[in-house]
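Structural overview
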Amino acid sequence: MTDILFYLFAGITLISALAMVLLPNAVNGAMCMIVSFIGTAALFVLLEAYFLAILQVLVYAGAVMVLFLFIIMLLNVDEDRSKTKPAKLSIFAALAGFVMLSGLIISLFTDPAALPAPPAIEVAENPTGLSANNGIPFTTSAKSFGYSLFTKYMLPFQVTGFLLLAAMVGVIVVSKRVTEAKPESETTD
Amino acid sequence: MTIGLNAFLIVAGLLFAIGMLGVTLRRNTLVIFMSLELMLNAVNLALVSFSRYNGTMDGNLFVFFIITVAAAEVALGLAIIVALFKRRQSIMVEHLNALSR
């Protein structure tokens, strides 16, 4: 049953990602991107990372894509309005690169002799404490996230909080109007 | 579940390749930025599958941090694109060649 679900969600994710790249309209692309993110969240559920699946839907499919759609709506840009057509050679080069990269990936991971395929390790019950290889054992509860964030990953957690503050200040600085800073305003708008 | 680690890695790798196709093929800066998000997402999928099949939680924690950094990056990148549009009235990459003139 889960095999069918894996193929279903992997197909949805890949096809909608390809549609995002190939559709000429940016709004349609953003909608396909949301479908792709939700498909990835379903794959996270199949991998028993339930907390990350919820986080993926909330942050990526929710906040990030809403931000993208707002900017697409505000800027109202289309590739048809740009006069110059892209060179045939660059399109061919991009497609050839994509075909070669995907062929490399498929041939690398489908050969059974190339890489070992380990079985899935049983989900641990106790979220706290370290396993034999000095790693936190895999659990499905959100408690292990909190335990890990405040013990092993304390410094990255603090740095990430500071990074969010820096990004917030940076967005305000970048998007602020600079009218009085330049009295000799070159009339670009 | 009989699906192994390699199947998930194929999906993650193909997602990454599609994101790379978007970055090289498209000329709209917003679509290029969305393709970058797609590549980050592919790496997230690979990290979660490695974490599941290794039996440790560390990959999931990395994905947690990557999602946080990606959210901050999207906010800042879109602010830069809007500032660019305010100055240039265009976000197509072929119009953004000021350094070559």
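In short, a report on the structure.

What counts, and where the lines are drawn
Residues numbered from 1 in each chain as written. Chains lettered and ligands numbered in written order. Predicted model: local features only at pLDDT ≥ 70, side-chain atom pairs only at ≥ 80, totals over all residues. Heavy atoms only, no water. Helix = DSSP H or I, 4+ residues; strand = E, 2+ residues; numbered from the N terminus. Rg over C-alpha atoms; globule rule 2.2 N^0.38 Å. Buried < 20%, exposed > 50% of the residue type's maximum accessible area, 1.4 Å probe, protein only. Contact = heavy atoms within 4.5 Å. Areas by Shrake-Rupley, 256 points an atom, 1.4 Å probe, with all protein chains shown as cover. Expected span 1.5 Å × (residues − 1). Arc of directions from axis to C-beta. Buried area = accessible area lost by both parts, 1.4 Å probe. Polar contact = N/O pair within 3.5 Å; in protein donor to acceptor, adjacent residues only side chain to side chain. Nonpolar A, V, L, I, M, F, W, Y, C, P; charged D, E, K, R; others polar. Axes fitted to C-alpha atoms, helices over the stretch in contact; angles between N-to-C directions. Parallel < 35°, antiparallel > 145°, perpendicular 65-115°, else oblique. Salt bridge = Lys/Arg side-chain N within 4 Å of Asp/Glu carboxyl O.

**Considering the overall build of chain B**
For chain B, the helix and strand inventory stands at three helices and zero strands. Helices and strands in chain B line up, N terminus first, as α-α-α. Taking 2.2 N^0.38 as the reference for a compact globule, 101 residues should give roughly 13 Å; the C-alpha atoms of chain B span a radius of gyration of 17 Å, well beyond that estimate. Out of the 101 residues belonging to chain B, those deemed buried represent 62%. Within chain B, contacts between residues separated by at least 24 positions form 56% of all contacts whose residues are at least 6 apart in sequence. When the accessible surface of chain B is split by element, carbon and sulfur atoms take 71% of a total near 3500 Å².

**Here we look at the environment of Gly 55 of chain B**
Examined against the element boundaries, Gly 55 of chain B turns out to sit in the loop between helix 2 (29-54) and helix 3 (58-88). Looking at Gly 55 of chain B, the relative accessible area reads 13%, which means it is buried. Once you skip the residues sitting within four places of it in the chain, Gly 55 of chain B turns out to touch Ile 121, Ile 136, Pro 137 and Phe 138 of chain A.

**Some thoughts on helix 6 (residues 154-175) of chain A**
For helix 6 of chain A, built from 22 residues, the straight-helix expectation of 32 Å at 1.5 Å per residue is met to within 8% by its first-to-last C-alpha distance of 32 Å. Every buried residue of helix 6 of chain A is accounted for by Thr 160, Ala 167 and Gly 170 of chain A. When helix 6 of chain A is viewed along its axis, its buried side chains cluster within an angular range of 85° and face the same direction. Residues of helix 6 of chain A that are exposed and angled more than 90 degrees away from the buried face: Leu 155, Phe 162, Met 168, Ile 172 and Val 173 of chain A. Residues of helix 6 of chain A that are buried sit in contact with helix 3 of chain B.

**With respect to the interface of chain B and chain A**
In this complex, chain B contributes 72 residues to the contact, which on the side of chain A involves 91 residues. Per-residue buried area on chain B facing chain A is highest for Met 34, Arg 52 and Met 57 of chain B; these three make up 11% of the total on that side. Summed over the shared surface of chain B and chain A, the result is nine residue pairs in polar contact (both at pLDDT 80 or more). Listing elements by their share of the side of chain B that touches chain A, those giving two or more residues are helix 1 (5-25), helix 2 and helix 3 of chain B. Here the element with the most residues in the side of chain B that touches chain A is helix 3 of chain B; it accounts for 25 residues. The class makeup of the residues in the side of chain B that touches chain A is 47 nonpolar, 17 polar and eight charged.

**Observations concerning the environment of Phe 33 of chain B**
With respect to the secondary-structure elements, Phe 33 of chain B resides in helix 2. In this structure the C-alpha to C-alpha distance between Phe 33 of chain B and Gly 22 of chain B, which are eleven residues apart in sequence, comes to 9.1 Å. Not counting the four nearest positions on each side in its chain, Phe 33 of chain B is found in contact with Phe 68 of chain A together with Glu 73, Val 74, Gly 77, Leu 78 and Ile 81 of chain B.

**Brief notes about the packing of helix 4 (residues 88-110) of chain A against helix 1 of chain B**
Here helix 4 of chain A crosses helix 1 of chain B at 170°, and the two axes come no closer than 9 Å. Of the possible angle classes, the one that applies to helix 4 of chain A and helix 1 of chain B is roughly antiparallel. For the pair helix 4 of chain A and helix 1 of chain B, the contacting residues are Ile 91, Ala 94, Leu 95, Gly 97, Phe 98, Leu 101, Ser 102, Ile 105, Ile 106, Phe 109 and Thr 110 of chain A in the first and Asn 6, Leu 9, Ile 10, Gly 13, Leu 14, Ala 17, Ile 18, Met 20, Leu 21, Thr 24 and Leu 25 of chain B in the second. Here the residues of the contact of helix 4 of chain A with helix 1 of chain B are counted per class, giving 16 nonpolar, six polar and no charged.

**Observations concerning the pattern of salt bridges**
The full count for this structure, using the stated rule, is three salt bridges over all chains. Lys 152 of chain A is the salt-bridge partner of Asp 58 of chain B, the closest N and O atoms lying 3.3 Å from each other. Note that Asp 58 of chain B is positioned in helix 3 and Lys 152 of chain A in the loop between helix 5 (143-150) and helix 6, a pairing that runs across two chains. In this structure Asp 58 of chain B comes out as buried when scored by relative accessible area, which is 14%. For Lys 152 of chain A, a relative accessible area of 37% corresponds to the partly exposed category. Residues Arg 27 of chain B and Glu 94 of chain B are paired through a salt bridge, measuring 3.2 Å at the closest nitrogen-oxygen approach. Linking Arg 27 of chain B in the loop between helix 1 and helix 2 with Glu 94 of chain B in the segment after helix 3, this pair joins segments that are 67 residues apart in sequence.

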